[in-house]
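# Chain and residue survey
These are the residues of each chain, in order.
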Amino acid sequence: MRRSNPVLAAFACVFSTHAAELLADERFHAEVWPLLERTCLRCHGPEKQKSGLRLDSREAALKGGEDGAALVPGKPEESLLLKLVRHTDADREMPPKEKLQDAEIASLERWIADGAPWPAPPSGEEAAVVENLGNAWSDPRNPITKIFFGKRLDLWSLKPIANPLPPKAGNPIDAFARAPLAPEADARTLCRRLYFGLTGLPPTPEEMAAFLDGSHGSNDSYETHIDRLLAAPRYGEHWARMWLDVVRYSDSNGFDWDEFRPQAWRFRDYVIRSLNADKPFDRFVREQLAGDELLSGPPRDAAEQDCLIATGYLRLGPHDNSAAQFGEGPRVRAALMNDLVETTGAAFLGLTLSCSRCHHHKFDPISQADYYRLRAFFEGVKFADDLPIDLAPRQDEVNRANEAIEARMKEARKIRDEIAATAKERIKSPKIKDKPSDEEVQAVLSEDEKRRHAEADAALKELKKKIQPFTTGLLAVDENAKPPATRVLFQGDLTKPREPVPPGFLSALDPNPATVPKPARENSSGRRSAFAEWIVSEKNPLTARVIVNRVWQAHFGEGLVATANDFGFAGARPTNPELLDWLAREFMRDGWSLKKLNRLIVTSATYRQSTTVRRLSAEAMRDTMLAVAGKLLPFEGGAPVWPELPDEVLRANPAVLDDNAEKTKGWYPTPREKAGVASIFLVQKRGLHVPMMDTFDLPDNSLSCARRDVSTVAPQALTLLNSPFATEMADAFSKRVQREAGDDPAAQIERAFALAFQRPPDDAERASCAQFRQQRTLAELCRALLNVNELVYVD
């Protein structure tokens, strides 16, 4: 027998008592209209009228359809609407797939008994004025409470983060772990796990030796290795990939033209810098959502410059650059707004918001109005590709230099224009318009005037070349201090705007219009700053839970919540809610430090125990092959590297073949000797992936990727065995072994195993490889070793 929940029972009592006190007009807006809108208007609204029935106005409901009037005011039992929703007639049941809840039917009955009032909704500013409404758990007036009749409020992720007591000693993660711990992994396994987990690369043979010495009591302890790896530049390069997946980073626009974005790399490098510097995650969030609003003028230092670069987050989504040519600007604008709301919901809040664009959420306590309340924060966003990001002194220097050049250009232009004006006066033909052509000017000028005109023209061309450009990026700012009104779109259709909504947060947590303070930046609305502050505030229980879950998932292959982008009812429940909440709260207490969180996890016995085998990501796999072959090049960031692609791949891609004058659609390979950089620095186009990376489950970067797929398919084996890259790496690997081990086959085998697997071969492997070397080349042996699972799987 199911036991009743006293908290929910008490809430239901409060809700029903309050509902009884509602005035008839209030009942319509609080209960009836949201119910009709959610369950009826798709089939009986302005766009579609099944059986000739409309239910979007009182007049239409009284008129009815083929079966007569839907309403008889004051007489519920005679009203067809009530008969249909009660499902008493098997041939006519509405809604047809799922009967309304008893409380919803009772609300309709009470409304009809009250005379079925249908007051007009408040409009304009009146709609935004709501007095101190509480959250959905404490205030029956909350719109989410009314829309869903007090249901959906037991969603775990919207509840405040708990504060479980940590244990008195040891790593708290182990105390919160419910299952008994398995034996600790051996030192070599643990070393590989740690290096791959923190840097995405295997340890060198020398690093493995130092680690093994430390495990036997030397001063080079486990914690020393952790601190060294956390301080390494490679740490940020590896962990940036996780965040770039989440925020759908790409170097191109997507869609048919898939144009290259020459400045997108600045955001990629910003993420790497931020992670290496252990920038507090709450600051990291503020900068991406509203970095421009944190500045009052040009950036004064590198930190302020990064605030501008961080707004590239607002630009990372797909963008149809050709739409404006076909009069589809409004559609593209709407797509930008939708992408920002939905990606922000997934990335920072772990919520699926896309279905709320058209109707109330199917599962979670999120209304359609919530979607547009969130959209209102982004309503003023505009592209700012011409905004200088140079530091203020440099901008002053460029402005002074350019002003001097402009003054000289003005003089040259004046001479040229005066001569042209003189020529115009001499030209008597009535066919000549206000501005004669160059040929007409030249025909009436004296030789001296021609010389002076030519000198002025030449001077203008030369001076124009001397104009100093500013440094720019893929940026966004607000259009002005007062963005246009945001309106709820009927069924998400941009051509059917309905009532306006102010910027606001999730109504279940805070239904009131957001308070928007004046930002530091002039001519900006401050809305995104207000949104960012709420995202990282203690009033929002989602953000800290979401990011610590992502970090846990990166280390263990699966998060404490298996659905990293969906903390709603349709997603997975946390396997260890106490641990998740403790980690989230500790993360905030520790200054939102990702490095401290990583250190806490990898020092736990839970991490150090034996665990399941995991395959490397596409990037880590390629980087590992480069590192083992001795071909991984240092790279400090900058414009992306373009690897060579087979001709058949390029010929199959229309966007690449149909290049434009700006050369933003083609493929321009970097010289091979410079292409061996870490994979995060490779160009990432939406319409054309590097085939090897694609084969190993590179995600679609048009949407937020919560977790990489891990497939096992035949093309992967063929790629590692036969691809040009694998062949090149095998050859480089063999040459490295030759250099470092000399000509002795036995020494070569030992060195090859040390480089590839960070261990010596066992007796059987040694004998097998020796026999192989008698018949095959060193390069072929090295190719075989690069195809061993041990190279690309970590346990």
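Because the structure is predicted, anything quoted here is derived from the model rather than measured.

Cut-offs applied
Residues numbered from 1 in each chain as written. Predicted model: local features only at pLDDT ≥ 70, side-chain atom pairs only at ≥ 80, totals over all residues. Heavy atoms only, no water. Helix = DSSP H or I, 4+ residues; strand = E, 2+ residues; numbered from the N terminus. Buried < 20%, exposed > 50% of the residue type's maximum accessible area, 1.4 Å probe, protein only. Contact = heavy atoms within 4.5 Å. Areas by Shrake-Rupley, 256 points an atom, 1.4 Å probe, with all protein chains shown as cover. Lys, Arg positive; Asp, Glu negative; His and termini not counted. Charge placed at Lys NZ, Arg CZ, Asp CG, Glu CD. Salt bridge = Lys/Arg side-chain N within 4 Å of Asp/Glu carboxyl O. Phe/Tyr/Trp six-rings, centres within 6.5 Å; stacked < 30°, edge-to-face > 60°. Patch = residues over 30% accessible without salt bridge, like charges linked within 9 Å, V, L, I, M, F, W, Y side chains within 5 Å. Disulfide = S-S within 2.5 Å. Arc of directions from axis to C-beta. Axes fitted to C-alpha atoms, helices over the stretch in contact; angles between N-to-C directions. Parallel < 35°, antiparallel > 145°, perpendicular 65-115°, else oblique. Left-handed = near helix turned anticlockwise from the far one by under 90°. Nonpolar A, V, L, I, M, F, W, Y, C, P; charged D, E, K, R; others polar. pLDDT = per-residue confidence, 0-100.

## Some remarks on the overall build of the protein
A count of helical and extended segments in the protein gives 36 helices and 6 strands. Here the C-alpha coordinates of the protein stretch approximately 100 × 100 × 50 Å along the principal axes. Evaluated residue by residue, the protein yields a buried proportion of 50% over its 795 residues. Expressed as a percentage of contacts within the protein between residues at least 6 apart in sequence, the contacts between residues at least 24 apart total 71%. Summed over all atoms, the accessible surface of the protein reaches about 37600 Å², with 53% contributed by carbon and sulfur. Across the protein, 107 positive and 117 negative side-chain charges occur, with their mean positions spaced 1 Å apart.

## Regarding the pattern of salt bridges
Summed over all chains, the structure comprises 57 salt bridges. The partner of D339 in a salt bridge is R248, and the shortest N-O contact between them spans 2.6 Å. With D339 in helix α17 (residues 329–349) and R248 in the loop between α13 (233–246) and α14 (265–276), this pair connects stretches of sequence that are 91 residues apart. The salt bridge involving R416 is made with D417; its shortest N-O contact spans 3.7 Å. Judged by its relative accessible area of 23%, R416 falls in the partly exposed class. Accessibility expressed as a relative area gives 41% for D417, which makes it partly exposed.

## Notes on the packing of aromatic side chains
Tallied over the entire structure, the rule returns 31 aromatic pairs. When the ring of F176 is compared with that of W582, the centres are 5.8 Å apart and the planes differ by 40°; the resulting orientation is tilted. Taken together, the positions of F176 in helix α9 (residues 172–176) and W582 in helix α24 (residues 577–589) put the pair 406 residues apart, joining distant regions of the chain. For the residue pair F176 and W582, the accessibility class agrees, reading buried in each case. Seen from their ring centres, W243 and F284 are 5.7 Å apart, and the 55° between their planes marks the pair as tilted.

## Details of a positive patch on the surface
On the surface, a cluster of positive charge is contributed by R42, K48, K50, K97 and K362. With respect to the helices and strands, the residue K362 is situated in the loop between α17 and α18 (368–378). Relative accessible area serves as the criterion here: at 54%, K362 is assigned to the exposed category.

## What to know about the state of the cysteines
Under the defined criterion, the tally for this structure stands at 0 disulfides. The thiol of C40 is unpaired, and the distance to the nearest cysteine sulfur, on C43, comes to 8.9 Å. The thiol of C358 is not disulfide-bonded; the next cysteine sulfur, from C355, is found 8.5 Å away. Classification of C358 as partly exposed rests on a relative accessible area of 29%.

## So, helix α12 (residues 222–231)
Along α12, the positions that sit buried rather than exposed are Y222, H225, I226, L229 and L230. With its buried residues spanning 130° around the axis, α12 presents them on a single face.

## Observations regarding the packing of helix α32 (residues 724–741) against helix α33 (residues 745–757)
Remark: α32 packs on α33, axes separated minimally by 9 Å, with the N-to-C direction vectors making an angle of 120°. Between α32 and α33, the interaxial angle falls into the category oblique. Where α32 crosses over α33, the handedness of that crossing is right-handed. For the pair α32 and α33, contact is made by F733, R736, V737, Q738, E740 and A741 and by A747, Q748, R751, A752, L755 and A756, respectively. Residues belonging to the contact of α32 with α33 are distributed by class as follows: 7 nonpolar, 2 polar and 3 charged.

## Considering the confidence of the model for the protein
Residues of the protein with pLDDT of at least 70 account for 94%, and the chain-wide mean is 90. The low-confidence segment residues 1–22, where pLDDT is below 50, has 18 contacts with residues more than four positions distant or belonging to other chains. Within the model, pLDDT remains below 50 along residues 123–130, and this stretch shows 6 contacts once partners closer than five positions in the same chain are excluded.

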